[in-house]
Amino acid sequence: MKEEAIRKYAGLMRELDLTGLEVKEDGYELRLERGGKPVPVHQSETVIVQDEKPEIRKEEGNILTSPMVGVFYASPAENADPFVKVGSHVRKGDTLCLIEAMKLMNEIQAEESGTILEIFAENGKIVEYGAPLFRIGRA
């Protein structure tokens, strides 16, 4: 399969916001997954490129992880300010974000007082159970 065809399929993935694509054409088999680095393709060879996970550095503070699978929302409404930003000071029980699961909005609250050092999740994107959401430094 020519590089031009592979680039066409990769562009289609971006355009349609697909996370994976498998194509069988003219004796070639091609499998693309978003993320990672490109790998050369040879006839009748399957290529799998793994998504890169957010790098979690061992730094100060505690990581707050997602208690469920769902869509992460940083603010209570589309045009509203986010609940928190990097540098925000929070108290135990403050709402940090919403996670929509099965059409229910679940408030995720701070488990401790401190400062938001890092936000890992992207607004409107799906988070997995146990995925890092925030790094919170002690107050």
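As shown above, the structure is provided for reference.
Everything numeric in this text was worked out from a predicted model, so none of it was measured.

**Q** Would you mind going over the overall build of the protein chain with me for this structure?
**A** Scanning the protein chain from terminus to terminus reveals one helix and ten strands. Going from N to C terminus, the protein chain has its helices and strands arranged as α-β-β-β-β-β-β-β-β-β-β. Looking at the protein chain residue by residue over its 139 residues, the buried ones come to 31%. The contacts of the protein chain with a sequence gap of at least 6 include a subset with a gap of at least 24, amounting to 49%.

**Q** Would you explain the sheet that holds strand β5 (residues 89-90) in this entry?
**A** Backbone-to-backbone hydrogen bonds pair the strands of a sheet. The strands run either parallel or antiparallel. Spatially, the four strands line up as an open sheet ordered β3-β10-β8-β5, and their pairing is antiparallel. Two strands in the sheet have a free side with no partner beyond their single neighbour: β3 (62-65) and β5. One ladder, built from five bridges, connects strand β8 (residues 114-119) with strand β10 (residues 132-138); its direction is antiparallel. Each residue of the ladder has a partner; that of Ile 116, found in β10, is Ile 136.

**Q** Help me out: how do you make sense of the packing of aromatic side chains in this one?
**A** In this description, a pair of aromatic rings is defined by centroid distance and the angle of the planes. This structure, assessed with the given rule, holds one aromatic pair. Between Phe 72 and Phe 134 the ring centres are 6.1 Å apart and the planes differ by 50°, which places this aromatic pair in the tilted class. A residue pair is termed long-range when its members are at least 10 positions apart, and Phe 72 in strand β4 (residues 70-73) and Phe 134 in strand β10 qualify at 62 residues.

**Q** Just checking my understanding: could you explain the pattern of salt bridges for this structure?
**A** Should their charged atoms come close, side chains of opposite charge can pair. Evaluated as defined, the whole model comprises two salt bridges. We note a salt bridge from Arg 138 to Glu 112, for which the minimum N-O separation is 3.4 Å. With Arg 138 in strand β10 and Glu 112 in the loop between β7 (104-109) and β8, this pair connects stretches of sequence that are 26 residues apart. Take Glu 112: its relative accessible area is 18%, and that puts it in the buried class. Among the ionic pairs, Arg 135 bridges to Glu 118, the shortest N-O distance being 3.1 Å. Taken together, the residues Arg 135 in strand β10 and Glu 118 in strand β8 connect sequence positions 17 residues apart. Summarising the burial analysis for this pair, Arg 135 and Glu 118 share the class buried.

The rules behind these values
Residues numbered from 1 in each chain as written. Predicted model: local features only at pLDDT ≥ 70, side-chain atom pairs only at ≥ 80, totals over all residues. Heavy atoms only, no water. Helix = DSSP H or I, 4+ residues; strand = E, 2+ residues; numbered from the N terminus. Buried < 20%, exposed > 50% of the residue type's maximum accessible area, 1.4 Å probe, protein only. Contact = heavy atoms within 4.5 Å. Pairing = 2+ DSSP bridges. Phe/Tyr/Trp six-rings, centres within 6.5 Å; stacked < 30°, edge-to-face > 60°. Salt bridge = Lys/Arg side-chain N within 4 Å of Asp/Glu carboxyl O.

So far we have only geometry, and geometry alone does not tell us how the molecule works.
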